Amino acid sequence: MKPKVQEQPVEKVTQEEYKYGFVTDFEADEAPPGLNEDIIRFISKKKKEPPFLLEWRLKCFRHWTKMVEPTWPNVHYPKINYQDIIYYSAPKQGPKSLNEVDPEILKMFDKLGVPLQEREVLAGVAVDAVVDSVSVGTTFKAKLGELGIIFCSFSEAVQEHPDLVEKYLGTVVPYNDNFFAALNSAVFTDGSFCYIPKGVRCPMELSTYFRINAAKTGQFERTLLIADAGSYVSYLEGCTAPMRDENQLHAAVVELIALDNAEIKYSTVQNWYPGDKDGKGGVYNFVTKRGACRGVNSKISWTQVETGSAITWKYPSCILQGDNSVGEFYSVAVANNMQQADTGTKMIHVGKNTKSTIISKGISAGKGQNTYRGMVRIQPAAENARNYTQCDSLLMGDKCGAHTIPYIEVKNNSSKVGHEASTSKIGEDQIYYCRQRGLSTEDAVSLIVNGFCKEVFRKLPMEFAVEAQKLLNVSLEGSVG
Amino acid sequence: MLVIKGLKAKVEDKVILNGVDLTINAGEVHAIMGPNGSGKSTLAHVLAGREGYEITGGEVLFEGKDLLALSPENRARAGIFLAFQYPVEIPGVNNTYFLKAALNSILKSRGQEELDAMDFLELVKAKLKPLKMDESMLQRAVNEGFSGGEKKKNEILQMAVLEPKLAILDETDSGLDIDALKVVADGVNLLRNKDRAFLLVTHYQRLLDYIVPDKVHVLAGGRIVKTGGKELALELEAKGYEWITGNQKKEAKV
Ligand SMILES: Nc1ncnc2c1ncn2[C@@H]1O[C@H](COP(=O)(O)OP(=O)(O)OP(=O)(O)O)[C@@H](O)[C@H]1O
Ligand SMILES: [Mg+2]
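Report on the accompanying structure. Everything numeric in this text was worked out from a predicted model, so none of it was measured.

The helix and strand inventory of chain A stands at 12 helices and 21 strands. Split into buried and exposed, the 481 residues of chain A put 61% on the buried side. Contacts in chain A between residues at least 24 apart in sequence constitute 82% of all its contacts with a sequence separation of at least 6. Taken as a whole, chain A presents about 18800 Å² of accessible surface, with 51% of it coming from carbon and sulfur.

This part covers the overall build of chain B. Each helix and strand in chain B was counted, giving 10 helices and 12 strands. For chain B, the C-alpha atoms occupy an extent of roughly 65 × 40 × 35 Å along the three principal directions. The contacts of chain B with a sequence gap of at least 6 include a subset with a gap of at least 24, amounting to 68%. Counting every atom, chain B has about 11400 Å² of accessible surface; 49% of that belongs to carbon and sulfur. The distance from the centre of the 34 positive side-chain charges to the centre of the 36 negative ones in chain B is 4 Å.

For the magnesium ion (ligand 2), the full set of protein donor atoms is S41(B) (OG) and Q85(B) (OE1), at a range of 2.0 to 2.2 Å. Of this pair, S41(B) sits in helix α1 (residues 40-48) while Q85(B) sits in the loop between β6 (80-83) and β7 (90-94); the two residues are 44 residues apart in sequence, bridging distant segments of the chain.

I363(A), V449(A), L472(A), L2(B), I4(B), L47(B) and F98(B) are the most contacted members of the largest nonpolar core, which has 66 residues in total. For L47(B), the contacting residues outside a window of four places in its chain are L2(B), I4(B), V60(B), L67(B), R75(B), I80(B), I168(B) and L199(B).

With that settled, the discussion passes to the sheet that holds strand β4 (residues 54-62) of chain B. Residue and element names in this part refer to chain B. Read across the sheet, four strands follow the order β2-β1-β4-β5 without closing on themselves; strand pairing throughout is antiparallel. At either end of the open sheet lies a strand with only one pairing partner, and these are β2 (14-24) and β5 (65-66). Judged from the two bridges that link them, β4 and β5 form a sheet pairing that is antiparallel. Directly across from F62, in β5, lies its bridge partner K65. Contacting β1 (2-11), β2 and β4, α1 crosses the sheet at an angle of about 110 degrees to β1.

In this section: the interface of chain A and chain B. Facing the 17 residues of chain A at the interface are 34 residues of chain B. Roughly 2000 Å² is buried in total at the junction of chain A and chain B, and carbon and sulfur atoms are behind 59% of that figure. Together, Y432(A), Y433(A) and R437(A) form the three largest contributors to the area buried by chain A at its contact with chain B, with a combined 38%. Between E155(B) and R437(A) there is a salt bridge, and its shortest N-O distance comes to 2.7 Å. Linking chain A with chain B are 15 residue pairs in polar contact (both at pLDDT 80 or more). At the level of secondary structure, the elements contributing two or more residues to the side of chain A that touches chain B comprise α9 (428-436) and α10 (441-452) of chain A. Tallying contributions element by element places α9(A) first for the side of chain A that touches chain B, with seven residues. Taken together, the residues that form the side of chain A that touches chain B break down as seven nonpolar, six polar and four charged.

With that out of the way, let us pick up the site of ligand 1. Residues and elements named next belong to chain B. Near ligand 1 lie 15 residues; those nearest to it are K14, G37, K40, S41 and T42. Taking T42, its side chain carries an N or O atom lying 2.5 Å from an oxygen atom of ligand 1. Separating an oxygen atom of ligand 1 from a side-chain N or O atom of E171 is a distance of 3.2 Å. Compared with its free state, where it exposes 630 Å², ligand 1 has 65% of that area covered by protein.

Turning to the sheet that holds strand β11 (residues 215-220) of chain B, a few remarks are in order. The strands that make up a sheet pair up through hydrogen bonds in the backbone, lying either parallel or antiparallel. Residue and element names in this part refer to chain B. Read from one edge to the other, the open sheet built from six strands follows the order β6-β9-β10-β3-β11-β12, with strand pairing classed as mixed. Unpaired on one side and paired on the other, β6 and β12 (223-228) mark the two borders of the sheet. Shown here is a sheet whose adjacent strand axes are inclined to one another by a mean of 20 degrees, direction ignored. The pairing of β11 with β12 spans five bridges and is classified as antiparallel. Directly across from H217, in β12, lies its bridge partner T227.

Summed over the entire model, instances satisfying the criterion amount to 27 salt bridges over all chains. Two residues, K411(A) and E409(A), come together in a salt bridge whose shortest N-O distance is 3.6 Å. Under the relative-accessibility criterion, K411(A) is labelled partly exposed at 48%. Here K165(B) makes a salt bridge to E63(B), at a shortest N to O gap of 3.1 Å. Placement of K165(B) in the loop between α6 (148-162) and β9 (166-170) and of E63(B) in the loop between β4 and β5 is noted, with a sequence separation of 102 residues between them. A residue is classified by how much of its surface remains accessible, and K165(B), at 33% relative accessible area, is partly exposed.

Residues and elements named next belong to chain A. In the contact formed by α9 and α10, the axes pass within 9 Å of each other and the chain directions differ by 120 degrees. Considering the angle they form, α9 stands oblique to α10. The crossing of α9 and α10 is right-handed. Of the residues in α10, those in contact with Q430, I431, C434 and R435 of α9 are T441, A444, V445, L447 and I448. Within the contact of α9 with α10, the residues separate by chemical class into six nonpolar, two polar and one charged.

What follows deals with the pairing of strand β3 (residues 29-33) of chain B. Residue and element names in this part refer to chain B. Within β3, five of the five residues are buried, leaving the element largely enclosed by the surrounding structure. Of the two faces of β3, both are covered, the one formed by V29, A31 and M33 as well as the one formed by H30 and I32. Where β3 lies against strand β10 (residues 197-201), four bridges are found, and the strand directions are parallel. Looking at β10, one finds that I32 is bridged to V201.

Now for helix α2 (residues 51-65) of chain A. Residues and elements named next belong to chain A. Its 15 residues give α2 an end-to-end C-alpha distance of 21 Å, which sits within 8% of 21 Å, the value for a rise of 1.5 Å per residue. Taken residue by residue, α2 has F52, L53, L54, W56, R57, L58, C60, F61, R62 and W64 as its buried positions. Next to the buried residues of α2 lie α1 (37-46), α6 (154-160), α7 (162-168), α8 (179-187) and β6 (221-227).

Now for the side chain of D392(A). Position of D392(A) among the secondary structure elements: in strand β19 (residues 386-396). A polar contact is formed between the side chain of D392(A) and the side chain of S422(A), at a distance of 2.6 Å.

A few words on the packing of α2(A) against α8(A). Residue and element names in this part refer to chain A. For the pair α2 and α8, the least separation of the axes is 7 Å and the interaxial angle reads 145 degrees. In the packing of α2 onto α8, the handedness of the crossing is left-handed. Within the contact between the two elements, α2 uses W56, R57, C60, F61 and W64 and α8 uses F179, A182, L183, S185, A186 and V187.

The rules behind the values
Residues numbered from 1 in each chain as written. Chains lettered and ligands numbered in written order. Predicted model: local features only at pLDDT ≥ 70, side-chain atom pairs only at ≥ 80, totals over all residues. Heavy atoms only, no water. Helix = DSSP H or I, 4+ residues; strand = E, 2+ residues; numbered from the N terminus. Buried < 20%, exposed > 50% of the residue type's maximum accessible area, 1.4 Å probe, protein only. Contact = heavy atoms within 4.5 Å. Areas by Shrake-Rupley, 256 points an atom, 1.4 Å probe, with all protein chains shown as cover. Lys, Arg positive; Asp, Glu negative; His and termini not counted. Charge placed at Lys NZ, Arg CZ, Asp CG, Glu CD. Donors = N, O, S within 2.8 Å, 3.2 Å for Na, K, Ca; no water. Core = buried A, V, L, I, M, F, W, Y, C linked by side-chain atoms within 4.5 Å. Pairing = 2+ DSSP bridges. Axes fitted to C-alpha atoms, helices over the stretch in contact; angles between N-to-C directions. Buried area = accessible area lost by both parts, 1.4 Å probe. Salt bridge = Lys/Arg side-chain N within 4 Å of Asp/Glu carboxyl O. Polar contact = N/O pair within 3.5 Å; in protein donor to acceptor, adjacent residues only side chain to side chain. Nonpolar A, V, L, I, M, F, W, Y, C, P; charged D, E, K, R; others polar. Near = heavy atom within 4 Å. Parallel < 35°, antiparallel > 145°, perpendicular 65-115°, else oblique. Left-handed = near helix turned anticlockwise from the far one by under 90°. Expected span 1.5 Å × (residues − 1).

Below, the structure is given as structure tokens:
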């Protein structure tokens, strides 16, 4: 059944109204393709959202319609038809606990090496598995609950903790921030929510696995993580997607908030389908990730290993508002075959004695194009701010490209900003040396590449580091020799 | 063990090896000396399988098999080790990890059991001791920031761990202080046995005081132009190469 596309008045929209303007079948597990205010109401109603959220979504949508897709990133792709995308789809059954999870889905996780139950026991990791747009399993909630930690799907947070959601949602990435963030804000269907109360040190790594499941379904995940005063949390986000032919849009938004003396470590391993050797298929990963160090002495560290996606457009950033706050960005980005990556970070120094470190390792192979784009801005009040940036690029073969675009804006004379950059080709002599010692070319390449990425890998939690190295090897297989 | 017959090699149209003949038997130590640029390192790399050389003639048999047909890693697995004149740095790669990966890939290729981290550490520490090398070297990245002498000692450590059948040492003695020179010599002498052979490329007969060779060859103009015993090295030290290469040139003119 097709929805009737209707123009909505821009005035106040209340829950009352969507009784009328809405014609889509609410029983459907899937919205029809296309985007309009009805679809947004459909999503909001499906999710039984409070009025503030629907109003916010509509505000975002209306703003989005006036925005244009950015063209400044160094990436190229066919024009996306936003009316072709299905903005809501749910798995067939709605499981309430792990036991109810579709065995097919569990099997899929197993294949990907993510045995939920095992992880529960072995690794002590709480997993909030997101298949497609609806959360299918949340573990360890009880244990975390004892400490007052809230770790749940975003939809659940909307139901259980609407005050926290309302207080923080959109405060780090405003609805009008950029085209993809605005789109996400209008149509996000689920994601993760995490709140660490005052003084609590989260005793385990929190982890979320994202999957893209149904064909033709855009993914619009929303993550909101709040570390209250004096708390600490390490959060892992990893994902992988199966082979498919059609490009898939993924536009996630992640917002982190660190209050006084709080610390957030956010680690990502991203391995979505990059498309085939000719660039056919593959995920478009247009993500907005930003953290606000709101409190004094707060700290946010982003660590990312980006091996997947056809196109990556992503700048995990830190706004260092609190005095003495610290922002870090450690990144490995791979662009192989026809992959295009335009990634980097923004460090905005607002408070006094704020410090930021940027370590970026870009690997280009095949015809891959890898761009580091970073901004360091020192605001006038940021006395004694410090930044250190290091961008290294590794080229494999001569058809790929590496580009480094650093923007530095300094408005306070007492600050110090340091930038180092290097570009090197993977050394023939290094490979030969390894082979002379008995290693195959492939092992030699993986050894050299892993060495190149060492500074970033050692920032990852142990089991994640191992996974990341494997991923890197797989994604660079056959690039040399 | 190694038979080189009439080996000719070019780099970018430049003839560098022009008919090298050399036979090394198991248990022997051979030294190769010769002027700068005469092709000693080229010979070593051609034997190890480096790309970029065009073999224009001759053959090389290692234990009766065509060596030149093998990839560098398969030569290493067959038992050929080259201590580089200029060891290569591999930033970020732990020295122990590198050596373990190398040893295990060799063991695996021979159908032998690979060593786990604990066993390997034990092995490498045992090898380190007689070489009087500092354990801290194990934790550093392969050759990264190593001094010239440390790099050479690291090559000897690798040789000691990999236990090759034929070890080629390309100027491993160059740039070493007296103590380090002894370490290198000890490394070779410890491994010396009736099944193993060595080819030492050197400019200094000093090394040969510590490692007494069975034969000394002079490589000049891309060929072995003279072969003798240890006394040849002393003679070269005293007289230089002119008297041999000079002869060569005269002969060539005839
Ligand atoms: N890749 C190359 N391209 C051009 N010329 C080369 C190349 N490799 C070696 N050569 C040349 O071949 C000749 C032999 O070099 P080689 O390194 O084998 O000499 P060597 O005997 O080891 O000298 P040394 O005693 O100085 O180490 C030199 O003239 C050198 O410049
Ligand atoms: Mg040489």
